[in-house]
Amino acid sequence: MQLTELKKGDRGTILRIQADPELRNRLHSFGIIPGEELEVKGCSLARQTMEIDVDGTLIALRKEEAEKIEVEKEAPGANS
């Protein structure tokens, strides 16, 4: 599933990033890499941007960027 399908409070694990090398490198510099866990902290009203927490770092992503990140949603009630 795409990162954009998660809602505020949802947690997941990054599976892959399907982006051009420039964007992929930029996301990697923020710690957005396969295997990392994340939590969605919020979304704009029109869902054009979303804020995620990756390893304690809050990152704002545009919808176009978040659509390129494939995640596996954590099951409700699962502890990490």
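Thresholds, definitions, all that
- Residues numbered from 1 in each chain as written.
- Predicted model: local features only at pLDDT ≥ 70, side-chain atom pairs only at ≥ 80, totals over all residues.
- Heavy atoms only, no water.
- Pairing = 2+ DSSP bridges.
- Helix = DSSP H or I, 4+ residues; strand = E, 2+ residues; numbered from the N terminus.
- Core = buried A, V, L, I, M, F, W, Y, C linked by side-chain atoms within 4.5 Å.
- Buried < 20%, exposed > 50% of the residue type's maximum accessible area, 1.4 Å probe, protein only.
- Polar contact = N/O pair within 3.5 Å; in protein donor to acceptor, adjacent residues only side chain to side chain.

S.K.: Account for the pairing of strand β4 (residues 57-62), with residues named and values stated.
M.R.: Where strand β3 (residues 49-54) and β4 come together, 6 bridges link them in antiparallel fashion. Its bridge partner lying in β4, T49 is registered against R62. Once β3 ends, the chain turns through 2 residues before running back antiparallel as β4, passing D55 with a positive phi of about 55°.

S.K.: With reference to specific residues and values, describe the nonpolar core.
M.R.: Counting 18 residues, the largest nonpolar core has L3, I32, L38, I52, L61 and I69 as its most contacted members. For this core, the secondary-structure elements that each account for two or more residues are β1 (11-17), α1 (21-29), β2 (37-43), β3, β4 and β5 (69-73). Residue contributions to this core peak at 3 residues, all from β3.

S.K.: Which residues make up α1, and what values go with them?
M.R.: Looking at where α1 begins, the residue whose side-chain oxygen comes 3.1 Å from the main-chain nitrogen of E22 is D20. One or two steps after α1, the chain reaches G31, where phi turns positive at roughly 90°.

S.K.: Can you lay out unusual backbone geometry for me, pointing to particular residues and giving the numbers?
M.R.: Non-glycine residue R47 carries a positive phi angle of around 55°. Structurally, R47 is set in the loop between β2 and β3. The class of R47 is partly exposed, set by a relative accessible area of 36%. In this structure, D55 is a non-glycine residue whose phi angle is positive, near 55°. Looking at the secondary structure, you find D55 in the loop between β3 and β4. Its relative accessible area of 67% is what places D55 among the exposed residues.

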